[in-house]
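Observations on the three-dimensional arrangement
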Amino acid sequence: MKKWITILLLLLIPLQVQAAIETYQFEQAEHEQLYKQMIEELRCLVCQNQNLSASNAGLAKDLRQQTYEMVTEGQSQEQIVDYMTQRYGDFVLYRPPVKSSTALLWFGPFILLIVGILVLIKTLRARKELADESLSDEQHDHIKHLLDDGEK
Amino acid sequence: MKNSLPLILFGLLVVLLGVGLTLDPREVPSPYIGKAAPSFNLPKLYASTDSISLEDMKGKVWLLNVWASWCGACRSEHQVINRFVKNNQIDVIGLNYKDNADEAMQWLDNLGNPYISVAVDSDGRTGIDWGVYGVPETFVIDKKGIIRYKNIGPVTQKSIDDTIMPLIIELEQEAS
Amino acid sequence: MIAEIGHVALIIAFVLAVIQALVPLAGAQLGKTRWINLATPVARGQLLFVGLAYVCLTYSFLVNDFSVRYVASTSNTALPLIYKISGVWGAHEGSLLLWALLLSSWTVVVSIFSTGIPKIMLARVISVMGMVSVGFISFMLFTSNPFVRLFPAPVDGRSLNPLLQDPGLAIHPPMLYMGYVGFSVAFAFSIAAMIDGKLDAAWARWVRPWTNIAWVFMTLGIALGSWWAYYELGWGGWWFWDPVENASLMPWLVGTALIHSLAVTEKRAAFKSWTVLLAIFTFSLVLLGTFLVRSGVLTSVHAFATDPARGVFILVFLIIVIGGSLLLYAWRAPSLRSVGQFSIVSRETGLLLNNVILATMAGTVLLGTLYPLVLDALGVGKISVGPPYFNQVMVWLAVPLYLLMGLGFFVRWKKDSLSRLSRKAIIPLAVSLVIAILLPLLFAPEQHWLTFIGLISASWVALTALLWLLNSNTSPFKLPLSTWGAVIAHLGMAVTVTGITLTSMYSHEKDVRLAPGEFYEIGDYQFKLIGVKEVRRDNYIAYQGVVEASEAGKHLVLLHPEKRTYSQSSMPMTEAAIDAGLFRDLFVALGEPLGSGSWSLRIYHKPFVRWIWMGSLIMAFGGLLAAMDKRYRRRGKTKNEAVSS
């Protein structure tokens, strides 16, 4: 079954991966802005990982048309996203929604960083603080000079 | 032991990747399973002044088969559907997706027409409404108009025997 | 005949690789000198036969031997010579052969430039690299043989994807593979050190140049891929966070952490277990990338192969290599304990923090790339994770990284004080602030806080790097190459982030419909469509547009965007016309004929986009300088090394 799907979908994909140029006109600049943003954040479902903006597939063209119509009707980003996810699920969004299943995704990096810093602090605490006197700038440069010479 | 942590994490990764090898990253499951089918009102292929709508099918268990004459995989699937309709009293509506009417009719003439009706979706809007992203796709809808199953790709005899037929039998038992 | 010779050569290479992987390693454990001494000659033998196999495959391409299935599916008689040569690595099987060739070449080179490395350690290193060779060669022999015949042989081959008939793309895989393979050297040295049970500054001095060179190649490989995508794919983008792109970025990030960690291990004999772990992680990410690209587990425009059966083989390989090395680490890490001490405010801490951030970035990329798979495997649903996620999250991680990059040059080893650091930082920080606020106010059409963040990070890093050159009592020209390398590499980072910031914030793109004679304006630039004509070449027919670009009324350049239809493919391809400039790119792509002579065109103005790749070149140059530092080129053993071997 899966092999069929792969073959089938492969037959449907155009072999090029190049931009699709649509000459839509917009009355308002915000509409154009929203349209451009949407076609970059919506996924082309029949392509191998491309957004609607970059794909020449038939379905991508249709969805761009759909997006254009919704934008010029004055619909908001949320409404457009809802429209798409209602029909295709979250898969169609390149910006994953923030929900309980994606909490780990969105907060993960922050958690990773905190964990990394905590491990760092633990490692540092495990070493004793140095009780040396600190050297003056001059003494420091002198020593450095000696070391650099020694390395030549 | 903290030195074993990388190894343990790697182990989890391997399990994930192993499972991943059995999955298909391209398959998009339908968000409509268990939800009301999107309504439509489309002209018929053979009687373009007539139309067929979702409401016409209320109270019945039926299939929506999305197909097109330009679709290669639809050919092999068609024989399976022909056989299926011949052996069972199940209504199948064909959704002719982004096709040319003459070519569609020619195709059905050549390969047989199992559909009780063929709805013409010339611009693909209805397809989008149903979350169609490839051809062929087939939906199973129950008496209340709820989509209960989506078959992505061609319907095979195996999928009919294993999944679709048992589901239909179950759905027939339900009240309208 | 030739293909069969190639196949046999590969089998012999496999046998030699197995010997290379097992015998010297056993010899090192058991103290058998003869076995230890086998390492170098067997490695050379393996190179000979892998090389022979590679030559045979190339020959098959050059003589259009379409009875070889790989040649038939990737080549064509009409293919220009240079693309027949590069076509050898253009698809799955051949690219593996290139991998194997580069790996055995690096092994031999390491064996040559190994004066001063104790024979036992060298034997272990060569054995570990031999294990990796065994993996790749057996992968080919058992699942992906480039020499499989095709009966009946087609008269002509299916041509190479026209997208791949491009110099930039031709050189991108070899560069990347040189980087991947290079990191296997640090990996092999780490395994050797763990088996040995000790690791010292001398070890770090042996490993550093190889790792720096690997890093240089990876930087170039990634930059080439990005540059190619920009000019070839026609949508003005240069990075898409595609799984395959991420597969190369992750080892680069961890590899960057590795080269910094190595610096500390060499200078301060500290961070030993961290360095070893980073070396394992870097190479593991390289192998993971190989898995992701060839197993079909993730969707990518880039995927070389989508065969779960091959995926199983690579997964087993991963388990053996990575699992084995992490197991060894779990067991041996305690013996690698470092004794160096340092206080909380010190360069050591700064570098550790730097590595934490780099590792977090790599972890984030991995998280985003694999997350859809996680949810799917758990049955929770299917999602996509794309540029909106990565761009947002990575910016937050990059900012503290850049902050540290600047501080890194001033903070002292072992112990420093915050007050001293603040004194040193005040001037560059103030100047950076001025630059970041003033420049956009003067030159940019609109202000945005992201522009401010990008520019202040870039100026901060650039200024601190330059100040380091001028600040010490020695003349800059007496400073060692490794210092120059670091300064230049950091300058490169500043240039790249400037390019990324300015092009992301101030690019202008428009799809327009123009009839001959009509024009479109972006700022001071005007784009006028003169006309579109048909041109014919050897293997394609094209519509060629002629667009005149002018600046402030004065003629600038004639651009010729094309829409090509190659003879082997029915799909048209857009070949964009780019007027490249130091401070901006003008970019025009031809769309569709819209009737009555009008055409749709995509027009871009992309400021500072070249800085992204220029910065990478600068970075790579810095890495090269660092690898060439005198202390790595000392011939013969010094007193210290004679004692430790």
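Residues numbered from 1 in each chain as written. Chains lettered and ligands numbered in written order. Predicted model: local features only at pLDDT ≥ 70, side-chain atom pairs only at ≥ 80, totals over all residues. Heavy atoms only, no water.

**Quick notes on the state of the cysteines**
Basically, it comes down to this: Disulfide assignment relies on a single distance test, namely cysteine sulfur atoms paired within 2.5 Å. A 1.4 Å probe rolled over the protein chains alone gives each residue an accessible area, and that area as a share of the maximum for its type sets the label: buried under 20%, exposed over 50%, partly exposed in between.
Throughout the structure, instances matching the rule amount to two disulfides over all chains. The side chain of Cys 44 of chain A participates in a disulfide bridge whose partner is Cys 47 of chain A; the two sulfur atoms lie 2.0 Å from each other. Disulfide Cys 44 of chain A-Cys 47 of chain A: the torsion about the S-S bond is 65°, which places it as right-handed. Here Cys 44 of chain A matches Cys 47 of chain A in class, with each residue buried. Each sulfur in the disulfide pair Cys 71 of chain B and Cys 74 of chain B lies 2.1 Å from the other. Because the sign of the S-S torsion sets the handedness, a value of about 95° for the bond joining Cys 71 of chain B and Cys 74 of chain B places this disulfide among the right-handed ones. With respect to class, Cys 71 of chain B is no different from Cys 74 of chain B; both count as buried.

**Quick word on the packing of aromatic side chains**
Residue and element names in this part refer to chain A. Selection criterion: Only the six-membered ring of Trp is used, alongside the rings of Phe and Tyr, when aromatic pairs are assigned; centres must lie within 6.5 Å, and planes under 30 degrees apart are stacked while those over 60 apart are edge-to-face, with the rest tilted. Comment: elements are numbered from the N terminus, with helices defined as DSSP H or I runs of at least four residues and strands as E runs of at least two.
What the rule picks out here adds up to 38 aromatic pairs over all chains. Here Tyr 35 and Tyr 68 contribute two aromatic rings whose centre-to-centre distance is 6.3 Å and whose plane-to-plane angle is 85°, an arrangement assigned as edge-to-face. Of the two residues, Tyr 35 sits in helix α2 (residues 29-41) while Tyr 68 sits in helix α3 (residues 58-72), which places them 33 residues apart along the sequence. Here Tyr 35 matches Tyr 68 in class, with each residue buried.

**Concerning the sheet that holds strand β1 (residues 508-514) of chain C**
Within a sheet, adjacent strands bond to each other through the backbone by hydrogen bonds, running parallel or antiparallel. Residue and element names in this part refer to chain C. Rules: Paired strands, in this sense, are two strands between which DSSP finds at least two bridges. Angles run from 0 to 180 degrees between N-to-C directions of axes, and those axes are lines fitted to C-alpha atoms, restricted for helices to the stretch in contact. The criterion used for residue contact is that any of the two residues' heavy atoms lie within 4.5 Å.
In spatial order, the strands read β1-β10-β9-β8; together these four strands make up an open sheet with antiparallel pairing. Edge positions in the sheet fall to β1 and β8 (577-579), since each has one partner strand and no second. Ignoring which end each strand starts from, the neighbouring axes of this sheet average 20° apart. Summarising the sheet, β1 and strand β10 (residues 598-607) pair through seven bridges and their orientation is antiparallel. Across the sheet, Glu 509 pairs through a bridge with Tyr 604, a residue of β10. Running at roughly 140° to β10, helix α17 (residues 481-506) makes contact with β1 and β10 of the sheet.

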